[in-house]
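Close look at the chain arrangement
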Amino acid sequence: QMQVVESGGGLVQPGGSLKLSCTASGFSLNYYAVGWFRQAPGKGPEGVSCLSISDDKAMYADSMRGRFTISRDIADNTVYLEMNSLKPEDTAIYTCAVRKPFWAQDLNRPVQRPCVLSRDSFEVWGQGTQVTVSS
């Protein structure tokens, strides 16, 4: 069974840092795009970042660029989201999700779909981890 599980959330003071983990089980992250999304209280869901596993290319929402860094550990089948200079408005439930590859008949192998920050493009979701930024 394909699963992704987040960890690393918690309470941090403004200006602090947290590193979230998204660990996959039941499949290898090779050829997948992995996205992080968040939802703050009373607000709609928001795309945070996405990483293309096969070429290690990252995408960020404008408000996170420069503060957040997405990375991978292929051996551990895990994607990380390192968040620095956290602000109270970063308080949210952070959820990771994966976008499945498609099978290329001519190549006889899976091909990764590109990174996007659209929730509808991702098929497998974790339960989320709470991040609270408060003094």
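Further up the page is the structure itself.
Residues numbered from 1 in each chain as written. Predicted model: local features only at pLDDT ≥ 70, side-chain atom pairs only at ≥ 80, totals over all residues. Heavy atoms only, no water.

Assignment of secondary structure puts S49 in strand β5 (residues 45–52). Taking the relative accessible area as the measure of exposure, S49 reaches 0% and is therefore buried. Reaching out from S49, the side chain makes a polar contact with the backbone oxygen of M59 at a distance of 2.8 Å. Dropping the residues within four chain positions of it, S49 is found in contact with V34, G35, W36, M59, Y60, I70, L81 and L117. (Helix = DSSP H or I, 4+ residues; strand = E, 2+ residues; numbered from the N terminus. Buried < 20%, exposed > 50% of the residue type's maximum accessible area, 1.4 Å probe, protein only. Polar contact = N/O pair within 3.5 Å; in protein donor to acceptor, adjacent residues only side chain to side chain. Contact = heavy atoms within 4.5 Å.)

With that settled, consider the environment of A61. Within the secondary structure, A61 is located in the loop between β6 (57–60) and β7 (68–73). Between the C-alpha atoms of A61 and G47, which are 14 residues apart in sequence, the distance is 6.6 Å. Those residues within four positions of A61 in sequence are excluded, and the remaining contacts are G47, V48 and L117.

Another aspect to go through is the sheet that holds strand β1 (residues 3–7). Ordered in space as β1-β3-β8-β7, the 4 strands form an open sheet in which the pairing is antiparallel. Sheet topology places β1 and β7 at the edges, where each strand pairs with a single neighbour. Across this sheet, the average inter-strand angle for adjacent strands is 20°, counted without regard to direction. Alignment of β1 against strand β3 (residues 18–25), held across 5 bridges, turns out to be antiparallel. By the bridge assignment, S7 is partnered in β3 with S21. (Pairing = 2+ DSSP bridges. Axes fitted to C-alpha atoms, helices over the stretch in contact; angles between N-to-C directions.)

Looking now at the packing of aromatic side chains. In this structure the tally under the stated criterion is 4 aromatic pairs. On the numbers, 4.8 Å between centres and 50° between planes, the contact of F27 with Y32 is tilted. Comparing F27 with Y32 shows no difference in burial state: the two are buried. Judged by centre distance (5.1 Å) and plane angle (45°), the rings of F37 and W125 are tilted. Of the two residues, F37 sits in strand β4 (residues 33–39) while W125 sits in strand β12 (residues 124–125), which places them 88 residues apart along the sequence. (Phe/Tyr/Trp six-rings, centres within 6.5 Å; stacked < 30°, edge-to-face > 60°.)

Worth remembering: the numbers are spatial, not functional.
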